[in-house]
Amino acid sequence: MTDKKIPFVGLHAHSVAGSIFDAIGYPNEHMDFCYENGGEALALTDHGNMNGFSHQFLHWQKMKSEGKEFKPIFGVEAYFVPSIEEWREEYERSKEDKKLARTLAKQGATSGATVEDEGATKTAGKSALNRRRHLVLLAQNQTGLNNLFKLVSESYKEENFYRYPRMDYAMLSRYNEGIIASSACLGGPLAGDFWANSEYEEDEETGKDVWLRSKPDEVRAAMRETTRRFVEIFGDRWYGELQWNSIPQQHELNQYIIEVCEEFGVTLISTADSHYPNPDAWKDRELYKRLGW
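About the cut-offs
- Residues numbered from 1 in each chain as written.
- Predicted model: local features only at pLDDT ≥ 70, side-chain atom pairs only at ≥ 80, totals over all residues.
- Heavy atoms only, no water.
- Helix = DSSP H or I, 4+ residues; strand = E, 2+ residues; numbered from the N terminus.
- Buried < 20%, exposed > 50% of the residue type's maximum accessible area, 1.4 Å probe, protein only.
- Areas by Shrake-Rupley, 256 points an atom, 1.4 Å probe, with all protein chains shown as cover.
- Phe/Tyr/Trp six-rings, centres within 6.5 Å; stacked < 30°, edge-to-face > 60°.
- Lys NZ or Arg CZ within 6 Å of the ring centre and 35° of its normal.
- Pairing = 2+ DSSP bridges.
- Axes fitted to C-alpha atoms, helices over the stretch in contact; angles between N-to-C directions.
- Contact = heavy atoms within 4.5 Å.
- Patch = residues over 30% accessible without salt bridge, like charges linked within 9 Å, V, L, I, M, F, W, Y side chains within 5 Å.
- Salt bridge = Lys/Arg side-chain N within 4 Å of Asp/Glu carboxyl O.
- Lys, Arg positive; Asp, Glu negative; His and termini not counted.
- Charge placed at Lys NZ, Arg CZ, Asp CG, Glu CD.
- Core = buried A, V, L, I, M, F, W, Y, C linked by side-chain atoms within 4.5 Å.

Engineer: Which parts of the structure should I look at to understand the overall build of the chain?
Structural biologist: When its secondary structure is counted, the chain shows 11 helices and 10 strands. Here the chain, with 293 residues, has 47% of them falling under the buried criterion. Per element, the accessible surface of the chain, about 14800 Å² overall, is 50% carbon and sulfur.

Engineer: What's the story with the packing of aromatic side chains in this structure? I'm lost.
Structural biologist: Remark: the centre distance and the inter-plane angle together describe each pair of aromatic rings, the angle taken between the planes. Under the criterion given, the structure shown has 18 aromatic pairs. Between Phe194 and Trp195, the aromatic rings sit 5.2 Å apart at their centres with planes inclined by 75 degrees, giving edge-to-face as the arrangement. Trp195 matches Phe194 in its accessibility class, with the two residues each being buried. Ring-pair connections join several aromatic residues into one group, and the members of that group are Phe53, Phe57, Trp60, Phe74 and Phe149. Of note, Arg132 hangs over the ring of Tyr164, and the distance from its end group to the ring centre comes to 3.8 Å.

Engineer: I tried to follow the sheet that holds strand 10 (residues 268–271) on my own but got confused; where do I start?
Structural biologist: Strand pairing in a sheet takes place through backbone hydrogen bonds and is either antiparallel or parallel in direction. Pairing within the open sheet is mixed, and its 6 strands lie in the order 1-2-3-6-9-10. Of all strands in the sheet, those with a lone pairing partner are strand 1 (41–44) and strand 10, marking the two edges. Here the strands of the sheet are splayed against their neighbours by 35 degrees on average, with no regard to which way each runs. With 4 bridges joining them, strand 9 (residues 238–243) and strand 10 adopt parallel strand pairing. Considered in strand 10, the bridge of Gly240 is made with Leu268. On top of the sheet, helix 6 (residues 142–155) reaches strand 2 (71–80), strand 3 (133–139) and strand 6 (179–182); it is set at about 150 degrees to strand 3, its chief contact. Of the strands in this sheet, strand 2, strand 3 and strand 9 touch helix 8 (residues 189–196), which is tilted by about 165 degrees from strand 3.

Engineer: Explanation requested: unusual backbone geometry in the structure shown.
Structural biologist: The phi angle of most residues is negative, glycine excepted, and most peptide bonds adopt the trans form. Positive phi, normally seen in glycine, also occurs at Arg163, with a value near 70 degrees. You can see Arg163 is positioned in the loop between strand 4 (161–162) and strand 5 (164–165). The class of Arg163 is partly exposed, set by a relative accessible area of 29%.

Engineer: Teacher, can you tell me more about a negative patch on the surface here?
Structural biologist: There is a patch of like negative charges on the surface, built from Glu201, Glu202, Glu204 and Glu205. Along the chain, Glu205 falls in the loop between strand 7 (198–202) and strand 8 (209–214).

Engineer: Please clarify how the side chain of Asn254 should be interpreted in this entry.
Structural biologist: Residue position: Asn254 is located in helix 10 (residues 248–264). Judged by its relative accessible area of 1%, Asn254 falls in the buried class. When near neighbours in sequence (up to four residues on either side) are disregarded, Asn254 contacts Leu242, Gln243 and Trp244.

Engineer: Sorry if this is basic, but what is going on with the nonpolar core here?
Structural biologist: Nonpolar side chains tend to gather and get buried jointly when the protein is soluble and globular. Judged by nonpolar contacts, the single largest core of 45 residues is most densely connected at Leu137, Leu151, Leu172, Met223, Phe230 and Phe234. Dropping the residues within four chain positions of it, Leu151 is found in contact with Leu137, Met167, Met171, Leu172, Tyr175 and Ile179.

Engineer: How do you make sense of the pattern of salt bridges when you look at a structure like this?
Structural biologist: Opposite charge on two side chains permits pairing when their charged atoms draw close. Summed over the entire model, instances satisfying the criterion amount to 14 salt bridges. Here Glu232 and Arg228 are joined by a salt bridge, their closest N and O atoms 2.5 Å apart. Taken together, the residues span about one helical turn, with Glu232 and Arg228 both in helix 9 (residues 216–234) at a distance of 4 residues. Since its relative accessible area comes to 56%, Glu232 is described here as exposed. Taking the shortest distance from any N to any O, the salt bridge between Arg285 and Glu286 comes out at 3.7 Å. What makes Arg285 buried here is its relative accessible area of 7%. Each of Asp22, Arg285, Glu286 and Arg290 takes part in a single network of salt bridges with overlapping partners.

Engineer: What should I look at first to understand helix 8 in this one?
Structural biologist: Structurally, the α-helix is built with 3.6 residues per turn, so residues lying three or four positions apart point the same way. Burial analysis of helix 8 places 7 of its 8 residues in the buried class, the great majority of the element. Considered for burial, the residues of helix 8 that qualify are Pro189, Leu190, Ala191, Gly192, Asp193, Phe194 and Trp195.

Now the structure itself:
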């Protein structure tokens, strides 16, 4: 067992209950591993939904009955676009293409859960219809939890849904009370500014765009505007999120986030973005991901 004095709380975690074909382990498994290794709290932030909430809540009650002091943090990793109105206009224009309209009809039906395509969010993205960014939202209190439920429900309404549920600045402005928000991963809104203001070249074999380099002045300008918008909504409840992995662009993005957040006086957090309950399960998670696609 590790030293319980280590001041770390996992604020970004995914479970099989809500992050289908992206994470493994039910909320109780994540919570038990966390507690057994000295953790005192853990946030559950599944993709676009809070389907793991009941698992999380009931297991918390069980832990309390066993005398285990542990705090569940209720949250979601939402799908965000700046303006649903603008996105909807693009959606309606796309339906004028008869071939695309058939695809939209087939893929547009709402569902209580979605399969996350990590690659699509960690790029600039060519399709305006599929484009979306990740946003971590955590309930600070009962009001925040109620607002999270409202936001998730709104995001699944037909007018906001195409393959993925969506929320935007306007929706967050209405329902932000009691919610803590952070900039998430390489698929987040600040990362979106990074991807959108980078140079690419087309791979001759695959036809896919290959990232070459970021454009520093453009990235900083875009990140400042995004940060300004989120600070207007959340105030000191908006956090810049740093992550640590083997992707080179992640560390370049971290530097931009540190710089811009320092300018605005925004506090930074560091997360693990966990997708499995214990280190030994990473191979199972990789296999599970492949089954989904």
